[in-house]
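Report on the structure
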Amino acid sequence: MVEKSDNPYRHLPAKAFWRTGVAEAGLFGLSGLWSSAWTLPADAQFATFGSCFAQHISRALISRKMNWLNAEPAPGRTPPELAQKYNYGVFSARTGNIYTAAQLLLWARLASGAAGADSVEYWTDGAGLVHDMLRPKIEPQGFVSRKEAEASVASTARAFARCITEADVLVFTLGLTEGWINTATGQSYSICPGTGVGTFDEGVHAFHNYTYPEILRDLEAALQIMWQMNPDLHVLLTVSPVPLVATASGDHVLVATQYSKSVLRAVAGDVAHSHAQVDYFPSYEIIAAPSSRGTFFEPNMRAIAHDGVDLVMRHFFAG
């Protein structure tokens, strides 16, 4: 009788194999996807930022009565619907969506004082109202003056600084590799100027698809600034499963989406492996992996259905 030779795979748990870990478990039987790398106090404070998918984490923390840090609440007794219209309570500070690591780095520099509100680009529309191009749609109608717009950016920068210094965990969701930059100043935009806000100038505004080295560089630089402000800060990275709404890369939007998410996932994983204070949570995999069979995408194949968000949050809190 021939004995089976020993090998490393013979001693691995069921979750290490696709058949037992995924195929036999089924979508709703998946387990052990993530376990927090840290032991946190019961009253740990969480701050949330990033792409639009990060809003789901904010709401889940609030609904479970976790300590979600709202460092920039709406003024006074602002009705909830009005506060939401003006983008209060969406993220832990009124940053709006932060899609790229380059934008996160700029917010870290603003929070630390390395950059001031006057370093942000502002645009005046035909009605004389002012929009800051870091948060172009944060004020639906725009600010009445450049001074008011700069004061708002400075207020959000202070709130972002509070999140860094007071939170135990900062959750950041990476969303895009594609973006637009000002070739004269280097500022990274959250949307292409001219798409609702701003005026597009092909001599100034350039498309940029951030590469792995660039994203890694900017993310590491942002982390170093934040750790200078709070050496004890933990950072939980996620990648948004929401596909690109459009691409300026020249590729088909499906190919561009897979490229973007793959690069972001690789950066997030490598940064998490490199720092004990950084962890990665697989929200992207839960929604977009083959095991989900597209179950959690709405008919437009972009929006994430409530059941999908709920499953992601169940794994999050289980870990």
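Residues numbered from 1 in each chain as written. Predicted model: local features only at pLDDT ≥ 70, side-chain atom pairs only at ≥ 80, totals over all residues. Heavy atoms only, no water.

Turning our eyes to something else, we now look at the sheet that holds strand β2 (residues 67-68). Taken in spatial order, the 5 strands line up as β2-β1-β5-β9-β10 in an open sheet, and their pairing is parallel. Here the strands that pair on one side only, and so sit at the sheet edges, are β2 and β10 (278-280). As defined by bridge partners, strand β1 (residues 45-50) adjoins strand β5 (residues 169-174) across 5 bridges and the pair is classed as parallel. Across the sheet, Thr 48 pairs through a bridge with Val 171, a residue of β5. (Pairing = 2+ DSSP bridges. Helix = DSSP H or I, 4+ residues; strand = E, 2+ residues; numbered from the N terminus.)

Moving on, we get to the packing of helix α4 (residues 101-112) against helix α6 (residues 212-229). With their axes 8 Å apart at the nearest point, α4 and α6 run at an angle of 25° to one another. As judged from the angle between their axes, α4 and α6 are roughly parallel. When you trace α4 past α6, the crossing you get is left-handed. For the pair formed by α4 and α6, the contact residues are Ala 101, Ala 102, Leu 104, Leu 105, Ala 108, Arg 109, Ala 111 and Ser 112 on the first element and Ile 215, Asp 218, Leu 219, Ala 221, Ala 222, Ile 225, Met 226 and Met 229 on the second. (Axes fitted to C-alpha atoms, helices over the stretch in contact; angles between N-to-C directions. Parallel < 35°, antiparallel > 145°, perpendicular 65-115°, else oblique. Left-handed = near helix turned anticlockwise from the far one by under 90°. Contact = heavy atoms within 4.5 Å.)

This part takes up the environment of Asn 182. Along the polypeptide, Asn 182 turns up in strand β6 (residues 178-182). You can call Asn 182 buried: its relative accessible area is 7%. Spatially, the C-alpha atoms of Asn 182 and Met 229 are 28 Å apart, while their sequence positions differ by 47 residues. Sequence-distant contacts of Asn 182, defined by excluding residues within four places in its chain, comprise Glu 121, Gln 187, Tyr 189 and Val 204. At a separation of 3.1 Å, a polar atom in the side chain of Asn 182 contacts the side chain of Tyr 189. (Buried < 20%, exposed > 50% of the residue type's maximum accessible area, 1.4 Å probe, protein only. Polar contact = N/O pair within 3.5 Å; in protein donor to acceptor, adjacent residues only side chain to side chain.)

Our next topic: the confidence of the model for the chain. Averaged over all residues, the pLDDT of the chain equals 92, while 99% of them reach at least 70. Mean pLDDT in the chain bottoms out at helix α2 (residues 54-63), which sits at 83, and peaks at α6, which reaches 98. (pLDDT = per-residue confidence, 0-100.)

What follows deals with the pattern of salt bridges. As enumerated under the stated definition, the model contains 8 salt bridges in all. Across the pair Arg 19 and Glu 24 runs a salt bridge whose closest N-O atoms are separated by 2.7 Å. Take Arg 19 and Glu 24: they sit in the same class, and that class is exposed. As a salt-bridge pair, Arg 314 and Asp 310 come within 3.1 Å of each other at their nearest N and O atoms. Within this pair, Arg 314 and its partner Asp 310 are both found in helix α9 (residues 306-318), separated by 4 residues, close to a single helical turn. (Salt bridge = Lys/Arg side-chain N within 4 Å of Asp/Glu carboxyl O.)

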